[in-house]
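So the chains spell out like this:
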Amino acid sequence: MAQRRARHRARSHAGELAAIRRREAESAAKALGVDPADLRFLGHTDTLLAASLDTFRAQVRRLLAEHADVAEVYLPHDVRELNADHRLTGEGVVDCLTELGLAPRLRKYVVWDEDTEAAFAFTNRIAPERAASPTERLVSLDISPWVERKLAALEEHRTQVTLFSPAQRRTVVPAPFLERLRAKRTEEFWIDEPGRGHERAER
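Residues numbered from 1 in each chain as written. Predicted model: local features only at pLDDT ≥ 70, side-chain atom pairs only at ≥ 80, totals over all residues. Heavy atoms only, no water.

(A) Region of the structure containing helix α2 (residues 53-66). Across its 14 residues, α2 extends 20 Å between first and last C-alpha, which sits within 8% of the 20 Å expected from 1.5 Å per residue. By the burial criterion, the buried members of α2 are F56, R57, Q59, V60 and L64. All buried residues of α2 project into a common sector of 160° when viewed along the axis, lining one side. In α2, the exposed positions angled more than 90 degrees off the buried face are occupied by D54, R62 and E66. (Helix = DSSP H or I, 4+ residues; strand = E, 2+ residues; numbered from the N terminus. Expected span 1.5 Å × (residues − 1). Buried < 20%, exposed > 50% of the residue type's maximum accessible area, 1.4 Å probe, protein only. Arc of directions from axis to C-beta.)

(B) The confidence of the model for the protein chain, seen in detail. Of the residues in the protein chain, 89% have a pLDDT of 70 or more, and the chain-wide mean is 91. When the criterion is pLDDT under 50, residues 5-10 qualifies, and its contacts beyond four places in sequence or with other chains add up to zero contacts. When the criterion is pLDDT under 50, residues 197-203 qualifies, and its contacts beyond four places in sequence or with other chains add up to 17 contacts. (pLDDT = per-residue confidence, 0-100. Contact = heavy atoms within 4.5 Å.)

(C) Region of the structure containing the nonpolar core. With 12 residues, the main nonpolar core is built from L49, F56, V60, L64, V73, L75, L88, V93, V94, C96, L97 and L102. Those elements that place two or more of their residues in this core are α2, β1 (72-76) and α3 (84-100). Counting residues per element, this core draws most heavily on α3, which supplies five residues. What L88 contacts, discounting residues up to four positions off in sequence, is L49, A50, L53, F56 and I126. Judged by nonpolar contacts, the second largest core, of 11 residues, contains W112, I143, V147 and F177. (Core = buried A, V, L, I, M, F, W, Y, C linked by side-chain atoms within 4.5 Å.)

(D) Spotlight on the pattern of salt bridges. A full pass over the atoms with the stated rule returns 17 salt bridges. Between R130 and D78 there is a salt bridge, and its shortest N-O distance comes to 3.5 Å. Of this pair, R130 sits in the loop between α4 (114-120) and β3 (137-142) while D78 sits in the loop between β1 and α3, placing them 52 residues apart in sequence. For D78, a relative accessible area of 5% gives the class buried. Linked by salt bridges that have partners in common, R57, D78, R87, E91, D95, K108 and R130 make up one network. (Salt bridge = Lys/Arg side-chain N within 4 Å of Asp/Glu carboxyl O.)

(E) Spatial organisation of the pairing of strand β2 (residues 105-109). As judged from the five bridges shared by β1 and β2, these two strands associate in the parallel manner. Looking across to β2, one finds that Y74 is bridged to R107. The parallel pair β1 and β2, bridged by α3, forms a crossover whose chirality is right-handed. (Pairing = 2+ DSSP bridges. Right-handed = clockwise from strand over helix to strand, strands pointing away.)

(F) Here's a closer look at the side chain of R87. Position of R87 among the secondary structure elements: in helix α3. When its relative accessible area of 2% is taken as the criterion, R87 is described as buried. Excluding residues that lie within four positions of it along the chain, R87 makes contacts with H77, D78, V79, E81, I126, A127 and P128.

Following this line, the structure appears as structure tokens:
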């Protein structure tokens, strides 16, 4: 009985946290100038996307089919990203675009690399079964004009960047990682297409 109550409390807590983080994501979107009504939440369990890949891909296919005129997609890198949830998201989007015959411009990014794993002291990897394109290249974009808006959006994720619970001894996102993030004035993306004049290729 005690174990059942404990499991019920854990499920209730997880559900409450998910609802809070959804509201945070909506507030962050608003800070970026995005209408929260345009967001789509797919409802998969954090760190366990691999367990529901078929459902996830079906959702992505439906979403992309509704927006078949999409010209540009930002997504986690399907090979270079280390976090399994992130990488499988990118992989699923790339595959669904191919299945639908869509060819928007892709900007692939990496959030979770070795330094991030070390900062969070957390590893959640699933090795890719594909290789990165030999012709892709890394570009760095100056985001100085928009950095204050980006930081305002970041601060809306209070459960991750503040001591949200009295029981916490540190923020979910480690302080040194947050400091580096707040100091950044560029964003890097992997692209697999001819360069453009406003981008600077990183060698």
